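Inside the fold
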Amino acid sequence: MTTWNRQRPSHMPSHRYTDVFSRVDVPLADTERQWPTRRITEAPLWVPVDLRDGNQALAEPMDPERKRLFFDLMVRMGYTEIEVGYPSASQTDFDFVRLIAESDIAPDDVTIVVFTPARRDLIERTVASISGIRNEVVIHLYTATAPTWRETVLGRDRDELRELILAGGRDVWELAGHLPNVRFEFSPEVFNLTEPDYVLEICDAMTELWDATPERPVILNLPATVEIATPNVYADQIEYMHTHLARRDAVILSVHPHNDRGTGVACAELAVLAGAQRVEGCIFGNGERTGNVDLATLALNLHAQGVDPMIDFSDIDGVRRVVEHCNRLELSPRHPYVGDLVHTAFSGTHQDAIRKGFAEHRDRALAEGRDEREIAWRVPYLPIDPADIGRTYDAVIRVNSQSGKGGIAYLLETAYGLEIPRRLQIDLSRQVQRHTDRTGDEATADDIWAIFAEAYLSGPDDAVRVTSLRVDAGAEVAVEVDGFEYRGVSETGPVDALVGALDRGGIALEILSLHQSSLRAGADAEALTLLEYRGPDGPAWVAGRNGSVLTASVDAVVRAANAVAASREVVGS
């Protein structure tokens, strides 16, 4: 161990486990490996299995109403191959397949997939469920093939299990091979822990048995049923099958990654690089244990790389509402793309970068004379434009004790139309920081406006008041200071005239900067003057607010004068 790494051994019994290379041969040689240099340039065929695999993982499986709602959602989103159930396992699933057969809920271009184990009575019930379906149908046959499953679960050696699988394949062919709209799929479950030569032997036997041709291809689905290795290992396993399968042009190579190690998405992406053409998963990753691979994340990862995912997530919150209702499971606020917080920045540096990125995006669209939705997206910290998936920008920046001036300024600008100068941003951020440190709460745009108003639009107002103001060629103002009236005249404008009158009244007011802005208030816009002046403790800020720009400016100067007068009295006492 190096001197800079002071980690100590844990008390966990890691010696009880072996790595993947001790459990299964991964025969792909470095000279054969091609996937690391490939790129994904088009979407694979996505096959949601929410209605079967996802449904099996629910504490309360979907009733017919929820199944129908979920199915309709997937059709609207553009999925053209959907695994709809396990008709031999439950009456609900059988009845749902019959609903598809006896109604028009499945458009003509949607392929229906049904799932069955390799047992004749269950295959018979599965074939009975699809009777009369006009759509293309895939009968999906599966059997676990890995050594632990063979020996512990099924009690079969390699030859015995091979015969069991082929017997199931022959039953499927006998009962449905004559149906012109039916194709076949085989999954050697726990493929990733099965000996490569054995799984290749069985897969080739199945494509021969089912007479796979390019016109009637067989789907070979290779599941990472329990994730047990880094994603590169799965990619090697998939590429080995891709390059060694017989009848490769008559095979649709499919993958079905689970997420036990939290790398299901990476497994699927690398598998596509390695030759997979089809990906099974659940829309938001629901499934047994830690779930199936997340199809939404996979699709939107492609979108973020400029590749059309071929599935419509433009109303991702609408999709989420249906999925949460059907699964009765809430999604994490940090779930990729769909989570409530995934487009939200609390960190001050991130907020500042995002705010500047939005400004650059608007300016570039204006300079190019194009719509903001059409130009290239390059806002920092936001991989995609939230508007692409139906999100607004309201929650992109939120303010808490970790936030900075950029986020505060962004919220005021988006919620109130108020643009404030950088030095005022710094001053206001201190005010907001005190609030969030004291309360421990997030500060909303309304909270920040209330803090702004308290800090800059209120204060002592009894020492100084304007009694008259005339503006024509120049400006003349009368001001009352401690009960005495003083006048000021200026050809420059009312602010200079007011400062002169105050000086005569004994209040020396040094104005450092004055900024005019506007404030949205319903359908109207009010003028807001932001004024920086030198107070006894250094530069300070006040503001004036009115429907008139002139009155807003005068109010700001008077507020600064009252602050100076109040501080003078404090010093004097």
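For the protein chain, the helix and strand inventory stands at 17 helices and 14 strands. A compact globule built from 573 residues would reach a C-alpha radius of gyration of about 25 Å, whereas the protein chain, at 34 Å, exceeds it by more than 25%. Along the three orthogonal principal directions, the C-alpha set of the protein chain runs to about 110 × 65 × 45 Å. Each of the 573 residues in the protein chain was classed as buried or not, and the buried ones make up 51%. When the accessible surface of the protein chain is split by element, carbon and sulfur atoms take 49% of a total near 26,900 Å².

This paragraph deals with the nonpolar core. One finds Trp46, Phe71, Tyr79, Val84, Ile238 and Phe313 to be the most contacted residues of the largest nonpolar core, which totals 93 residues. Here the element with the most residues in this core is helix 7 (residues 196-209); it accounts for 7 residues. With sequence-adjacent residues up to four places away left out, Trp46 is seen in contact with Tyr79, Glu81, Val279, Leu295, Leu298, Ala299, Leu302, Pro309 and Ile311.

This part covers the sheet that holds strand 2 (residues 81-85). Overall, parallel pairing links the 8 strands, which are arranged 1-8-7-6-5-4-3-2 in an open sheet. Looking at strand neighbours, the two that pair on one side only are strand 1 (45-48) and strand 2, the edges of this open sheet. Strand after strand, the sheet turns through a mean of 25 degrees between neighbouring axes, direction not considered. As paired elements, strand 3 (residues 111-117) and strand 4 (residues 137-144) share 6 bridges and run parallel to each other.

Here we come to a nonpolar patch on the surface. On the surface, Leu469, Val471 and Leu550 cluster together to form a nonpolar patch covering roughly 220 Å² of accessible area. Residue placement: Leu469 occurs in strand 9 (residues 464-471). The exposure class of Leu469 is partly exposed, given its relative accessible area of 37%.

The subject of this paragraph is unusual backbone geometry. Phi is positive for Asp211, which is not a glycine, with a value near 55 degrees. Mapping Asp211 onto the fold places it in the loop between helix 7 and strand 6 (218-224). On the basis of relative accessible area, Asp211 is assigned to the partly exposed category, the value being 41%. Even without being a glycine, Arg328 presents a positive backbone phi close to 55 degrees. On the secondary structure map, Arg328 appears in the loop between helix 11 (316-327) and helix 12 (348-368).

Our focus in this paragraph is the state of the cysteines. Summed over the entire model, instances satisfying the criterion amount to 0 disulfides. Note on Cys203: no disulfide assigned, nearest cysteine sulfur contributed by Cys267 at a separation of 18 Å. What makes Cys203 buried here is its relative accessible area of 0%. Cysteine Cys282 remains unbridged, with the sulfur of Cys326 as its closest cysteine sulfur at 12 Å. The buried category is assigned to Cys282, whose relative accessible area is 0%.

The next subject is the pattern of salt bridges. Counted according to the given criterion, the structure contains 46 salt bridges. The salt bridge involving Glu136 is made with Arg183; its shortest N-O contact spans 3.1 Å. Of the two residues, Glu136 sits in the loop between helix 4 (120-129) and strand 4 while Arg183 sits in strand 5 (residues 182-189), which places them 47 residues apart along the sequence. A residue is classified by how much of its surface remains accessible, and Glu136, at 33% relative accessible area, is partly exposed.

This next bit is on the sheet that holds strand 11 (residues 484-490). Across the sheet, which stays open at both edges, the 3 strands sit in the order 9-10-11 with antiparallel pairing between neighbours. Looking along the sheet, the strands with just one partner apiece sit at the ends: strand 9 and strand 11. Each strand of the sheet is rotated relative to its neighbour by a mean of 20 degrees, with strand direction disregarded. Sheet strands touched by helix 16 (residues 494-504): strand 9, strand 10 (475-481) and strand 11. Its angle to strand 11, the strand with the most contacts, is close to 140 degrees.

Turning our eyes to something else, we now look at empty space enclosed by the protein. Summed over the entire model, instances satisfying the criterion amount to 3 cavities of 30 Å³ or more. Estimates place the volume of the largest cavity at around 70 Å³. Counting residues per element, the ones that place at least two in the lining of the largest cavity are helix 9 (264-273) and helix 10 (295-303). Taken together, the residues of the lining of the largest cavity break down into 8 nonpolar, 1 polar and 1 charged. For the second largest cavity, the calculated volume is near 60 Å³. Around the second largest cavity, the lining residues are Asn192, Ala224, Glu227, Ile228, Ala229, Thr230, Val233, Tyr234, Gln237 and Cys267. Tallying contributions element by element places helix 8 (residues 231-244) first for the lining of the second largest cavity, with 3 residues. Partitioned by chemical class, the residues of the lining of the second largest cavity number 6 nonpolar, 3 polar and 1 charged.

Taken as a whole and judged by the stated rule, the model has 11 aromatic pairs. Taking 5.8 Å as the distance between ring centres and 20 degrees as the angle between the ring planes, the aromatic pair formed by Phe358 and Tyr410 counts as stacked. Here Tyr410 lies in helix 13 (residues 405-416) and Phe358 lies in helix 12, a separation of 52 residues in the sequence. Each member of the pair, Phe358 as well as Tyr410, is classed as buried. Taken together, the ring pairs connect Tyr416, Trp449, Phe452 and Tyr456 into an aromatic cluster. Over the face of the ring belonging to Phe115 we find Arg52, whose NZ or CZ atom lies 3.6 Å from the ring centre. Positioned over the ring face of Phe94 is Arg125, at 3.9 Å from the centre of the ring.

About the thresholds
- Residues numbered from 1 in each chain as written.
- Predicted model: local features only at pLDDT ≥ 70, side-chain atom pairs only at ≥ 80, totals over all residues.
- Heavy atoms only, no water.
- Helix = DSSP H or I, 4+ residues; strand = E, 2+ residues; numbered from the N terminus.
- Rg over C-alpha atoms; globule rule 2.2 N^0.38 Å.
- Buried < 20%, exposed > 50% of the residue type's maximum accessible area, 1.4 Å probe, protein only.
- Areas by Shrake-Rupley, 256 points an atom, 1.4 Å probe, with all protein chains shown as cover.
- Core = buried A, V, L, I, M, F, W, Y, C linked by side-chain atoms within 4.5 Å.
- Contact = heavy atoms within 4.5 Å.
- Pairing = 2+ DSSP bridges.
- Axes fitted to C-alpha atoms, helices over the stretch in contact; angles between N-to-C directions.
- Patch = residues over 30% accessible without salt bridge, like charges linked within 9 Å, V, L, I, M, F, W, Y side chains within 5 Å.
- Salt bridge = Lys/Arg side-chain N within 4 Å of Asp/Glu carboxyl O.
- Disulfide = S-S within 2.5 Å.
- 1 Å grid on protein atoms, 1.4 Å probe; cavity = no way out; pocket = protein on both sides within 12 Å on 5 of 7 lines; lining within 4 Å.
- Points joined across faces, edges and corners; volume = space filled by probe spheres on them.
- Nonpolar A, V, L, I, M, F, W, Y, C, P; charged D, E, K, R; others polar.
- Phe/Tyr/Trp six-rings, centres within 6.5 Å; stacked < 30°, edge-to-face > 60°.
- Lys NZ or Arg CZ within 6 Å of the ring centre and 35° of its normal.

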